[in-house]
Amino acid sequence: MKIIGEELLQKEIYMLIAKSNPSEAKLTFKSFSEKAGWVYVKGNVNEAEFSINYSSAVFDTLDFIQFFAELIKLKDDISIILDYEGSDPLLYAKKVDKNTLRFIFAHDYELFADDSIDDYSLLAYKIEFDILINKKDLLKEFYIILYPYLKNYNSSYTDFTDFNLKKAKEYMDKIKSYI
């Protein structure tokens, strides 16, 4: 498995996803916003809302975009561990067939916020969703929310990072060509 971001044990990721069974669902991304180094990707799976949050001050948004671009030619599985300044949300994707992916979003937002918990493992993460989704549909949803962000990108909001806008646009061009 390819892991983008913080290197967590592959075994733990597989143990976490083994606790869940995917179901067919409709995913819709609603927004992508970045303010002062905080990124929020909001959406719905069926009627349930979700928010993928990370800090672009410590985790490069380019890596997030790369994760989605790599889904185009995914042969096996891939994972990305984001950094929300101590909390480490996880995205995972696995090829099911030519057109379908298993797509998982799991996080430790509540665990990290609970001061009474000193230590926990990836196995304690909440699996927000575990879905089977058409790859083109997923990438189209991602492209729709990210394109306006890149088109109107203002480096003054993220002047503390070395975001590579040119490379991000290259990844987005690959996604656009695919969808």
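The rules behind each value
- Residues numbered from 1 in each chain as written.
- Predicted model: local features only at pLDDT ≥ 70, side-chain atom pairs only at ≥ 80, totals over all residues.
- Heavy atoms only, no water.
- Axes fitted to C-alpha atoms, helices over the stretch in contact; angles between N-to-C directions.
- Helix = DSSP H or I, 4+ residues; strand = E, 2+ residues; numbered from the N terminus.
- Parallel < 35°, antiparallel > 145°, perpendicular 65-115°, else oblique.
- Left-handed = near helix turned anticlockwise from the far one by under 90°.
- Contact = heavy atoms within 4.5 Å.
- Nonpolar A, V, L, I, M, F, W, Y, C, P; charged D, E, K, R; others polar.
- Patch = residues over 30% accessible without salt bridge, like charges linked within 9 Å, V, L, I, M, F, W, Y side chains within 5 Å.
- Areas by Shrake-Rupley, 256 points an atom, 1.4 Å probe, with all protein chains shown as cover.
- Salt bridge = Lys/Arg side-chain N within 4 Å of Asp/Glu carboxyl O.
- Lys, Arg positive; Asp, Glu negative; His and termini not counted.
- Charge placed at Lys NZ, Arg CZ, Asp CG, Glu CD.
- Buried < 20%, exposed > 50% of the residue type's maximum accessible area, 1.4 Å probe, protein only.
- Phe/Tyr/Trp six-rings, centres within 6.5 Å; stacked < 30°, edge-to-face > 60°.
- Lys NZ or Arg CZ within 6 Å of the ring centre and 35° of its normal.

### Details of the packing of helix α2 (residues 61-70) against helix α4 (residues 135-151)
Following both chains from N to C, one finds α2 and α4 inclined at 150 degrees, their axes separated by 11 Å at the closest point. By the angle class used here, α2 and α4 are roughly antiparallel. The interaxial crossing formed by α2 with α4 has left-handed handedness. Residues F64, I65 and F68 of α2 lie in contact with α4, whose contacting residues are L138, L139, F142, L146 and L150. Within the contact of α2 with α4, the residues separate by chemical class into eight nonpolar, no polar and no charged.

### Some words on a positive patch on the surface
A surface patch of positive charge is lined by K73, K75, K95 and K174. Topologically, K95 is positioned in strand β7 (residues 90-95). A relative accessible area of 36% places K95 in the partly exposed class.

### A short note on the pattern of salt bridges
Where side chains of opposite charge bring their charged atoms close, a pairing between them can arise. Under the criterion given, the structure shown has three salt bridges. For D130, the salt bridge is made with R102, and the minimal N-O distance between the two is 2.6 Å. Taken as a pair, D130 in strand β9 (residues 126-134) and R102 in strand β8 (residues 100-107) lie far apart in primary sequence, 28 residues in all. Where E128 meets K126, a salt bridge forms, and the shortest distance between an N and an O atom there is 3.5 Å. The class for E128 is partly exposed, based on a relative accessible area of 26%.

### A few points about the packing of α4 against helix α5 (residues 165-178)
In a packed pair of helices, the relevant descriptors are the angle between the two axes and the axis-to-axis distance. Where α4 contacts α5, the two axes come as close as 10 Å, and the packing angle between them is 145 degrees. In the crossing of α4 with α5, the sense of the turn from one axis to the other is left-handed. Two secondary-structure elements touch here, α4 through K135, K136, L139, F142, Y143, L146, Y147 and L150 and α5 through L165, A168, K169, M172, I175, K176 and Y178. Split by residue class, the contact of α4 with α5 holds eleven nonpolar, no polar and four charged.

### A few points about the side chain of S20
Residue position: S20 is located in the loop between α1 (10-18) and β2 (23-24). According to the relative accessible area criterion, S20 is buried, its value standing at 15%. When near neighbours in sequence (up to four residues on either side) are disregarded, S20 contacts R102, I127 and D130.

### Let's talk about the packing of aromatic side chains
Under the defined criterion, the tally for this structure stands at 22 aromatic pairs. Residues F29 and F50 carry aromatic rings whose centres are separated by 6.1 Å and whose planes lie at 75 degrees to one another, so their mutual orientation is edge-to-face. One end of the pair, F29, is in strand β3 (residues 27-35); the other, F50, is in strand β5 (residues 48-55), and 21 residues separate them in sequence. As far as the burial class goes, F29 and F50 line up, both buried. Looking at K136, its charged tip hangs above the ring of Y178, at a distance of 5.3 Å from the centre.

Just distances and angles here, no functional claims.
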